[in-house]
Amino acid sequence: MSAHILLVEDSPTQAQQVGLLLESAGYEVSVASTGDEALEMIQELGPDLVILDVILPDMDGYTVCRRIRKQVLSYIPVLMLTQRADVEDRVDGLEVGADDYLAKPFDEREFLARVAALLRIKQLQDELQHRLQNERRAYESLRQIALTDSLTKLYNRHHFAEMLQREFDTAQRYGTPLACIMIDIDHFRHFNNRYGHAIGDWVLQGVAQLLMENVRRVDVVARYGGEEFVILLPMSNLTAATETATRLRQLVENQRWGSPAGPLKITISLGVAAFPEAAVDRAEDLVDYADQALLRAKANGRNRVEKWGVERGKEDP
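Residue indices follow the written sequence of each chain, beginning from 1 at its first position. In keeping with the predicted nature of the model, local features appear solely for residues at pLDDT of at least 70, side-chain atom pairs appear and are counted solely at 80 or more, and the whole-chain, interface and lining totals rest on all residues. No hydrogens and no water enter the side-chain calculation; it runs on all heavy atoms of the structure.

Student: Got a minute to help me understand the overall build of the chain in this structure?
Tutor: Labels follow the DSSP assignment, with helices taken as runs of H or I lasting at least four residues and strands as runs of E lasting at least two, numbered in each case from the N terminus. A count of helical and extended segments in the chain gives 10 helices and 12 strands. A compact globule built from 317 residues should have a C-alpha radius of gyration of about 20 Å, whereas the chain, at 33 Å, is more than 25% larger. Along the longest, intermediate and shortest principal axes, the C-alpha atoms of the chain span 95 × 50 × 30 Å. With a 1.4 Å probe rolled over the protein chains alone, any residue whose accessible area is under 20% of its type maximum counts as buried; one over 50% counts as exposed, and the rest are partly exposed. For the chain, the residues scored as buried account for 45% of the 317 residues in total. Here, two residues are considered to be in contact whenever any of their heavy atoms come within 4.5 Å of each other. Residue pairs at least 24 apart in sequence account for 65% of intrachain contacts in the chain once pairs closer than 6 positions are excluded. A total of about 17000 Å² of accessible surface is found on the chain, and carbon and sulfur atoms cover 49% of it. Atoms considered for the radius of gyration are the C-alpha atoms alone. The globule rule reads 2.2 Å times the number of residues to the power 0.38. Accessible areas in this description were obtained via Shrake-Rupley with a 1.4 Å probe; residue shielding takes into account the shown protein chains only.

Given below as structure tokens:
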């Protein structure tokens, strides 16, 4: 595929001459006669090279080049042409972002050689950018694998621990609330034993998706292990977190779970703890208190929410 060159030249005669020279060398050429037209065509066409005359009817080539560098995010080489050949003009062109500078009249072989050199630079820049994008995508994919649970696509326990420590440090430093909800799917072994592990996985994925879709963007949802999930709620006190847990419990219970094996009845038990209501000194203690509240919810009949009490080491009756 031939390179696309935008020629910015207000003289029809010179535009035709230079355009024919470039086309004879195998390039695709578009022509703009004003600076404004050139800027519009650059945005529309995305040329591989801009050949820019210094003298234009609406603005000088220096202004056009400066705007190209300011407005166009991708790299486009600029070759400036001028009737003057003094050092000051060349310096002015390079200072506004031109890649090369050529005085008219020019030798055709030198002109085409400079065009080819700038297009090689453009090609190398594009290849480098493409390589960097591929490497960035690969890094993000690997990072996502490292941070998430492969089955549910939620954060994994390791990443949750990092987020927990970060949010707990913030809560301690600024005296802001932080809550934790531990969640367990009731009678989960029943699904695996009766329907097989494929249906068990389906249940885990369905509950995980429902949780993710019904919390705030700032909340951190993770698979804690087996059929257990955990939610970290920054800026939520015990009352607010308990309301969230109650809403999630109701959503799971009222959801119509039409699995490949037929309709299922799925419920969850939840335990809630919050800082500073629970006067914990370590981030892990907040999870431990929520887990103890969860154990009480399961002991009290499942499909319910229990919360840790205000006093350390003492739950609500």
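On we go.
Student: In this structure, what is going on with the pattern of salt bridges? I would like to understand it.
Tutor: In a structure, side chains of opposite charge can pair up when their charged atoms sit close to one another. Each salt bridge in this description consists of a side-chain nitrogen of Lys or Arg and a carboxyl oxygen of Asp or Glu lying within 4 Å of one another. Enumeration over the complete set of coordinates arrives at 14 salt bridges. The residue glutamate 306 makes a salt bridge to arginine 304 at a minimum N-O spacing of 2.9 Å. On the basis of relative accessibility, which here comes to 32%, the residue arginine 304 falls in the partly exposed class. Through salt bridges with shared partners, one network takes in Glu9, Asp53 and Lys104.

Student: It is not clear to me how the nonpolar core should be interpreted in this structure. Could you clarify?
Tutor: Side chains of a nonpolar character, in soluble globular proteins, are inclined to be buried together. Within the largest apolar cluster, 32 residues are counted, with the highest numbers of intra-cluster contacts made by Ile185, Val203, Val207, Phe229 and Ile266. Here this core gets seven residues from one element, more than from any other, and that element is helix H8 (residues 197-213). Among residues more than four places away in sequence, those in contact with isoleucine 266 are Ile185, Phe191, Val203, Val207, Val252, Glu253 and Trp257. Grouped together as the second largest cluster of nonpolar side chains are 24 residues, Leu164, Ala171, Leu178 and Val280 included. Residues belong to one nonpolar core when they are buried, are Ala, Val, Leu, Ile, Met, Phe, Trp, Tyr or Cys, and are joined through side-chain atoms within 4.5 Å.

Student: Help me out: how do you make sense of helix H2 (residues 35-45) in this one?
Tutor: For an α-helix, the turn length of 3.6 residues means that residues three or four places apart are oriented alike. Restricting attention to buried positions, one finds in H2 the residues Gly35, Ala38, Leu39, Met41 and Ile42. Buried residues in H2, looked at end-on, bunch into an arc of 165 degrees, giving them a common side. Of the residues in H2, the exposed ones pointing more than 90 degrees away from the buried face are Glu40, Gln43 and Glu44. In this structure, the buried residues of H2 make contact with strand S1 (4-8), strand S2 (28-32), strand S3 (49-53) and helix H3 (61-71). Residues adjacent in sequence count toward polar contacts only when both atoms are side-chain atoms; beyond that, a polar contact is any pair of N or O atoms within 3.5 Å, and within protein one must be able to donate a hydrogen and the other to accept it. If you check the start of H2, you find a side-chain oxygen 3.1 Å away from the backbone N of glutamate 37, and it comes from threonine 34. Here, the arc refers to the directions that run from the helix axis to the C-beta atoms.

Student: What should I look at first to understand the packing of aromatic side chains in this one?
Tutor: To describe a pair of aromatic rings, one takes the distance between the centres and the angle between the planes. Stacked, tilted and edge-to-face are the three classes assigned to paired rings of Phe, Tyr and Trp, where Trp is represented by its six-membered ring and a pair needs centres within 6.5 Å; plane angles under 30 degrees give stacked, over 60 edge-to-face, the rest tilted. A full pass over the atoms with the stated rule returns six aromatic pairs. Each ring, one from phenylalanine 106 and one from phenylalanine 111, has its centre 4.5 Å from the other, and the planes form 20 degrees; the classification is stacked. Each member of the pair, phenylalanine 106 as well as phenylalanine 111, is classed as buried. Consider the rings of tyrosine 289 and tryptophan 308, whose centres lie 4.2 Å apart with planes at 25 degrees: the pair is stacked. Here tyrosine 289 is found in helix H10 (residues 283-299), whereas its partner tryptophan 308 is found in the segment after strand S12 (305-307), with 19 residues between them in sequence.

Student: What am I meant to see in the sheet that holds strand S4 (residues 78-82) here?
Tutor: Two orientations exist for strands paired in a sheet by backbone hydrogen bonds: parallel and antiparallel. Spatially, five strands are ordered S2-S1-S3-S4-S5 in an open sheet, and the strand pairing comes out parallel. For this open sheet the edge positions go to S2 and strand S5 (100-103), each flanked by a neighbour on one side alone. Put simply, the sheet's adjacent strands are angled 20 degrees from each other on average, direction ignored. Any two strands with at least two DSSP-identified bridges between them are counted as paired. Bridge analysis of S1 against S2 gives five bridges, and the strand direction is parallel. Residue pairing in the sheet places valine 8 in a bridge with alanine 32 of S2. For helices, the axis comes from a line fit to the C-alpha atoms of the stretch in contact; other axes are also lines fit to C-alpha atoms, and the angle between any two N-to-C directions lies between 0 and 180 degrees. In this fold helix H5 (residues 108-147) packs onto S1, S3, S4 and S5, with an angle of close to 170 degrees to the strand it touches most, S5.

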